Amino acid sequence: MGGPLRVASPIVAIVALALVVRVLVIAADTGYVPKHDAWDYDNHARSIAAGEGFPPSYTAVDGGPSALRAPGYPYLLAAVYAVSGDRIAVGRLLNAILGALAVGLVYLIAKRIWGRRVGLLAALLTAVFPPLVLLSRDLLSESLFIAVELGAVLCVLEFRRSRALWWAAGAGLLCGLGVLTRNPGPALAVPVLLGVWTVRPRWSWRAAAAPALVLACIVALVLPWTVRNAVEFGRLVPVTTGTGYALAGAYNDLSLHDEDHPGAWRTPAIAPEYQALFGTRGIDEGTIDATLRREATSLAVSHPTYVAEVTGWNLLRLFEVADGAVVGLYGEPVTTRGIGSATPAIERLSIAIAVVLACLGAFAIAASRRAGAGGGKRLPTGPLFLWLTPVLLLLVAAPVNGLPRYRTPADPFILILAAIGILWLYERRPAGRLAAR
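This section reports on the structure supplied with the text. (Residues numbered from 1 in each chain as written. Predicted model: local features only at pLDDT ≥ 70, side-chain atom pairs only at ≥ 80, totals over all residues. Heavy atoms only, no water.)

Tracing the chain through its elements places Glu 149 in helix α7 (residues 142-162). Arg 182 provides the closest opposite charge to the buried, unpaired Glu 149, separated from it by 7.6 Å. (Helix = DSSP H or I, 4+ residues; strand = E, 2+ residues; numbered from the N terminus. Buried < 20%, exposed > 50% of the residue type's maximum accessible area, 1.4 Å probe, protein only. Lys, Arg positive; Asp, Glu negative; His and termini not counted. Salt bridge = Lys/Arg side-chain N within 4 Å of Asp/Glu carboxyl O.)

On to the packing of aromatic side chains. For the structure shown, the criterion picks out ten aromatic pairs. Considering the side-chain rings of Trp 197 and Trp 203, the 5.0 Å spacing of their centres and the 75° angle between planes classify their relative orientation as edge-to-face. Plain terms: the ring middles of Tyr 251 and Tyr 306 are 5.5 Å apart, the flat faces sit at 85° to each other, and that makes the pair edge-to-face. Linking Tyr 251 in the loop between α11 (242-250) and α12 (253-256) with Tyr 306 in helix α15 (residues 304-318), this pair joins segments that are 55 residues apart in sequence. Tyr 306 matches Tyr 251 in its accessibility class, with the two residues each being buried. The rings of Phe 54, Tyr 75 and Trp 225 are connected pair by pair, giving a single aromatic cluster. One cation-aromatic arrangement involves Arg 69 over Tyr 41; the distance from NZ or CZ to the ring centre is 5.0 Å. Taking the ring centre of Trp 197 as reference, the NZ or CZ of Arg 202 above it sits at 5.3 Å. (Phe/Tyr/Trp six-rings, centres within 6.5 Å; stacked < 30°, edge-to-face > 60°. Lys NZ or Arg CZ within 6 Å of the ring centre and 35° of its normal.)

By secondary structure assignment, the location of Val 80 is in helix α3 (residues 72-84). Distance in space between the C-alpha atoms of Val 80 and Ala 49 is 8.5 Å, their sequence separation being 31 residues. Ignoring anything within four residues of it in the chain, the contact list for Val 80 reads Val 90, Gly 91 and Leu 94. (Contact = heavy atoms within 4.5 Å.)

This is the structure in structure tokens:
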């Protein structure tokens, strides 16, 4: 058997492996009951599937409209529930499929820049990487966001190759879906816009066409939800009312003075300065969000060194070097799966190894650039927008929360660099040389 089928068979096998591994892990995780964020996504999906839309707010004492969650993942999960009869197992299968899709996208991205061998190895690493595999077990929005993020990056790469505007439109639509999926989603727009802004001269109408199209597609996708929020709350709420809630969890007096878990996130309702707000009648979730945002921002501005401290600690927590990302009523670390710091040892070990190999991959690229001056093979550095994507997503998350799962959208990019590092190590033999094929 030859031709295209033979060429495609390795990546098809790797994507199939990714799906099988995730399904097996889900099947082995018997008795699963969604908790915390996963419970909330499940609750939203059930309400939407029943035709009732988003459920009432649980942060406002009077209930009322809610937009605490971005709508992308709840509506996708609701579509699955509507077909399957609210079966959580089918929702988890959706996550497994999204994880396998991400593996294929990693291959296509890496192959276009560094060649087929790097693409296949990066895909294989992504297929079996424990943090990404275990992510599929829980009803969490990161599974959708990772696939959307990688799809947007691939569309930008295709636009840069072909200059076809439909690829820019695809990047914009996927970027808009990313905005509707996670609070840090708007950060994805920055690298996407920079990535399609390639036509020269830069400051010309022709150069502006692709970025303008990306922006138009983002707005077109997000606007209906923004209008819905304006009707419900009587104020501008572009996507979620969760921004203030997220900020206030880290920027409160308890977290500010927490010596055991510096800058740890806690539910704002347990912070003394915010408790009265959550018991005030006659206000809705939009008012709570605006108040929390104002108060948390004021604390951050008054304590700039604390912002740096939170960011530093959370970067360590994102990479599972430090614990205490989330604490409870008495300052104790919350260890519930998917929310707290009790992650399996295999996750900690795998991310540590991946980061070391990624650093080696970055070194290999830099070393090849120096060697290229003497006639050696030069490895592509990759476009700036590609690396800006994970960096921005990490930098947006770190000042607020250090949950390890908030790092997972950066994992595929780390694994691409790790694949380059592995191949570079392998070909350090006298007869070997890393070459894109």
